[in-house]
Amino acid sequence: MLNIRHILRLYTQNQTMSEIIVQTGIHRSTLKKIIKDFKISELSFSEINELSDEDLEELFKKPIENLQSKRVKTLYSLFPEIDKELKRKGVTKSLLWEEYKSKYPDGVCKNAFFLHFSRWKTRKIPIMRQDHKAGDKLFIDFAGERLIIKDKETSKEKLVEVFVAVLGASQLTYVEAVMTQRKGDFISACENALHFFGGVPAAIVSDNLRSAVTKSDKYEPTINATFADFAEHYNTTILPARAYKPKDKAVVENAIRIIYSRVYAKLRDEVFYSIESLNNAISVVLKEHNNQNITRKDYSRRQQYEEIEKAALLPLPLMRYEFKRQLYATVAKNGHVALSLDRHYYSVPYAYIGKKVKVMFTGYIVEVFCDYERIAIHKRIQSPFKYTTDKEHLPPMHRFVAELEPDRLLTMADEIHKDVRLYIAKILELKQHHEHLYKVCTGVLNLSKKYGNENLTKACQRASVFGIYNYRIIKKILANCLYINEDNDSNEEIEMPTHDNIRGKDYYQ
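Since we're looking at a predicted model, the values are computed, not measured.

Things to note about the overall build of the protein chain
Thought 1: The secondary structure content of the protein chain amounts to 21 helices and 15 strands.
Thought 2: For the protein chain, the proportion of its 509 residues judged to be buried stands at 41%.
Thought 3: When contacts within the protein chain are restricted to residue pairs at least 6 apart in sequence, those whose partners lie at least 24 apart make up 60%.
Thought 4: Carbon and sulfur atoms make up 50% of the accessible area of the protein chain, which totals about 29,400 Å².

Set out below in structure tokens:
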């Protein structure tokens, strides 16, 4: 310490660094460090000379926090609030220094501000950590230790997974027990976490489990298609951590260690018979954890979330995500693909017959894709061995047959004559299968193309008199009563059969 006092005395007497080195024998790099710390402290030599050896050692060998300077003490009292403000989007240390300098004109310079802050933070948080902006990242992982639920009837125990999600800036934590780490449970837990936080972060940092990452890679991992679709729905990005690099998600790793003592330990003596009862108990102790002050801080995770992170999160979409599953199928010759899970068949445009397509389905919707283009969408119906058909997907001829309904047939008949409509209506009232009746009606109506509307009308009138309603009788009447004059190309008037003739054997065949 005497050597340091001597060096500083020479320096304040405007001695050059070379002269000081010659007189004291100190190494140049050590001399530079002592002079740098002296400048940063912004103390005069007389003030330094009055310090005890212990205080002097604190000044030049330990973090500069115990200095007798009033300005430095004031600065250190501001660091907890400065540290909190740095988590806000767009807030930098330079901006905070300018605000500090405007409030305290006699405050320390910019370099001293940065150095004091870094040393204060090193003392406050001795472990390496990342600085997280509010609303930037959500860290997710499964705890290594699992919890237990018991079957009420057999008393058999079952291990369940524990999902943990932590917001980077506020460290607000969400915990949920799920049956497995499979895609359905994993995505459901992620979605519940977002709704617990009341918003969506800019990115989700996940582990390399199969439900999240299909192929791990240091620079560009392949995200699971369903998880990527989930991220697209919530307008966020998936950032998988590097394999075997727990520091990439140190926030959630640390949260899991805390959860072991604040959740697991408190529930260790309780018995749960369902996943719902377990999650209800977790929510109670989790609320206590989030409302409890953070170690060495005078605020809780919940308070920090309300102050700096809640407003920074993106809004939740109006609709919750529907978990999608997919399979591949070949379009059958009848223009339908099978959803094998339900054994139900759904139509696609007839142009895709014979092609291989991808079928994506939720609990309510079935979508069919070919070459990244959606070609069909249907409401999911779980009735086995049934067909769901969109008439627009059928070929023109098939579509015409499919659209043959009573109203359409009656409209077509009415366009010819009201008596033809009455005749068709009588056919439709017969107690026979509807497809058979539709064919009979179509046959009767098509006779107008050969014999004309007027002749068909008269034939229907005559057949109605005797209460005979079928295609064959109309065709027989027209064929026997209409003759064509071969000398000219015109049709002559029909001579309708008499009552006696209509009762003849030929008309009933």
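Describing the sheet that holds strand β12 (residues 356-361)
Thought 1: One open sheet accounts for four strands, arranged β9-β12-β13-β14; its pairing is antiparallel. Looking along the sheet, the strands with just one partner apiece sit at the ends: β9 (325-330) and β14 (373-379). Strand after strand, the sheet turns through a mean of 25° between neighbouring axes, direction not considered.
Thought 2: Two elements, strand β13 (residues 365-370) and β14, share six bridges in a ladder whose sense is antiparallel. Residue pairing across strands places Val368 opposite Ala376, the latter belonging to β14.

Observations regarding helix α16 (residues 418-428)
Since one α-helical turn is 3.6 residues long, residues separated by three or four positions face the same way.
Thought 1: Buried residues of α16: Val420, Tyr423, Ile424 and Ile427, and no others. Seen from one end, α16 has its buried residues packed into an arc of 95°, which puts them on one side. Away from its buried face, by an angle of more than 90 degrees, α16 presents the exposed residues Lys418 and Leu422.

A few points about the nonpolar core
A general trend in soluble globular proteins is that nonpolar side chains are found buried together.
Thought 1: With 29 residues, the main nonpolar core has Ile140, Phe163, Phe186, Phe197, Phe227 and Phe230 as its most contacted residues.
Thought 2: Listing elements by their share of this core, those giving two or more residues are β1 (137-142), β3 (157-167), β4 (173-178), α9 (183-197) and α10 (225-233).
Thought 3: Contact partners of Phe230, with chain neighbours within four places excluded, come to Ile187, Cys190, Glu191, Leu194, Ile204 and Tyr321.
Thought 4: Listed in part, the 27 residues of the second largest apolar core include Val162, Val164, Ile259 and Val285.

Some details on unusual backbone geometry
Thought 1: Backbone geometry at Tyr372 places phi at a positive 70°, although glycine is not the residue there.
Thought 2: Tracing the backbone shows Tyr372 in the loop between β13 and β14.
Thought 3: Phi at Phe385 takes a positive value of approximately 60°, unusual for a residue other than glycine.
Thought 4: Its location among the elements puts Phe385 in the loop between β14 and β15 (387-388).

Overview of the pattern of salt bridges
Thought 1: Throughout the structure, instances matching the rule amount to nine salt bridges.
Thought 2: Between Glu288 and Lys266 there is a salt bridge, and its shortest N-O distance comes to 3.1 Å. With a gap of 22 residues between them, Glu288 in helix α12 (residues 275-291) and Lys266 in helix α11 (residues 250-267) connect regions that are remote in the sequence.
Thought 3: Taking the relative accessible area as the measure of exposure, Lys266 reaches 45% and is therefore partly exposed.
Thought 4: One salt bridge in this structure joins Arg302 and Glu306, with 3.9 Å as the shortest N-O distance. One end of the pair, Arg302, and the other, Glu306, are both in helix α13 (residues 301-309), four residues apart, so they sit about a helical turn from each other.
Thought 5: Residue classification places Arg302 among the partly exposed positions, given a relative accessible area of 24%.
Thought 6: Judged by relative accessible area, Glu306 falls into the partly exposed class, the value being 41%.
Thought 7: Through salt bridges that share partners, Arg302, Glu306 and Lys310 make up one connected network.

Considering the packing of aromatic side chains
Thought 1: Applying the stated rule across the entire model yields 20 aromatic pairs.
Thought 2: Ring geometry for Phe79 versus Phe113: centroids 6.2 Å apart, planes at 75°, classification edge-to-face. Here Phe113 lies in helix α8 (residues 110-124) and Phe79 lies in helix α6 (residues 70-85), a separation of 34 residues in the sequence.
Thought 3: Residue classification places Phe79 among the buried positions, given a relative accessible area of 0%.
Thought 4: An aromatic cluster is defined as three or more aromatic residues linked by ring pairs; in this entry it consists of Tyr76, Phe79, Tyr100, Tyr104, Phe113, Phe114, Phe117 and Trp120.
Thought 5: The lysine or arginine in question, Lys84, covers the ring of Tyr299, its NZ or CZ lying 4.1 Å from the ring centre.
Thought 6: When the ring centre of Tyr273 is taken as reference, the NZ or CZ atom of Lys152 above it lies at 5.5 Å.

A few points about the sheet that holds strand β11 (residues 344-347)
Thought 1: Spatially, β10-β11-β15 is the arrangement adopted by the three strands of the open sheet, whose pairing is mixed. Looking at which strands have only one partner, the edges of the open sheet turn out to be β10 (336-339) and β15.
Thought 2: Taken together, the two bridges between β11 and β15 define a ladder with parallel strand orientation. Bridging from a neighbouring strand, Tyr346 pairs with Thr388 of β15.

Notes on the side chain of Thr362
Thought 1: Mapping Thr362 onto the fold places it in the loop between β12 and β13.
Thought 2: A distance of 3.1 Å separates a polar atom in the side chain of Thr362 from the backbone nitrogen of Tyr364.
Thought 3: Those residues in contact with Thr362, other than ones at most four positions away along the chain, are Glu322, Phe323, Lys324 and Arg380.

Looking at the side chain of Asp83
Thought 1: Mapped onto the secondary structure, Asp83 falls in helix α6.
Thought 2: In this view, Asp83 contacts Phe117, Trp120, Lys121 and Lys297; residues no more than four positions away in its chain are not counted.

Conventions we followed
Sequence order as written defines residue numbering, which begins from 1 separately in each chain. It should be noted that, the model being predicted, local features are given only for residues of pLDDT at least 70 and side-chain atom pairs only at 80 or more, the latter also being counted only at that level, while totals for whole chains, interfaces and linings use all residues. With hydrogens and water set aside, each side-chain value is computed from the structure's full complement of heavy atoms. Segments assigned H or I by DSSP are reported as helices when at least four residues long, segments assigned E as strands when at least two residues long, and all are numbered from the N terminus. The buried label applies to any residue whose accessible area, calculated with a 1.4 Å probe on protein chains only, is under 20% of its type's maximum; exposed applies above 50%, and partly exposed to all values in between. Note on contacts: a residue pair is in contact if any heavy atoms of the two residues lie within 4.5 Å. For the accessible areas, the method is Shrake-Rupley and the probe is 1.4 Å, while residue cover comes only from the protein chains on display. One bridge is not enough; two strands pair if DSSP finds at least two bridges between them. For helices, the fitted axis covers only the stretch in contact; all axes are lines through C-alpha atoms, and the angles between them, taken along N-to-C directions, range from 0 to 180 degrees. The arc in question is the one traced by the directions running from the helix axis out to the C-beta atoms. Here, nonpolar core means buried Ala, Val, Leu, Ile, Met, Phe, Trp, Tyr and Cys residues that are tied together by side-chain atoms lying within 4.5 Å of each other. Only one rule defines a salt bridge in this text: a Lys or Arg side-chain nitrogen within 4 Å of an Asp or Glu carboxyl oxygen. Centre distance within 6.5 Å is the pairing criterion for rings of Phe, Tyr and Trp, where only the six-membered ring of Trp is used; planes under 30 degrees apart are then read as stacked, over 60 as edge-to-face, and the remainder as tilted. Whether a charge sits over a ring depends on NZ of Lys or CZ of Arg being within 6 Å of the ring centre and within 35 degrees of the ring normal. Polar contacts, as used here, are pairs of N or O atoms within 3.5 Å; protein pairs need one atom able to donate a hydrogen and one able to accept it. Residues neighboring in sequence count only if both atoms are side-chain atoms.

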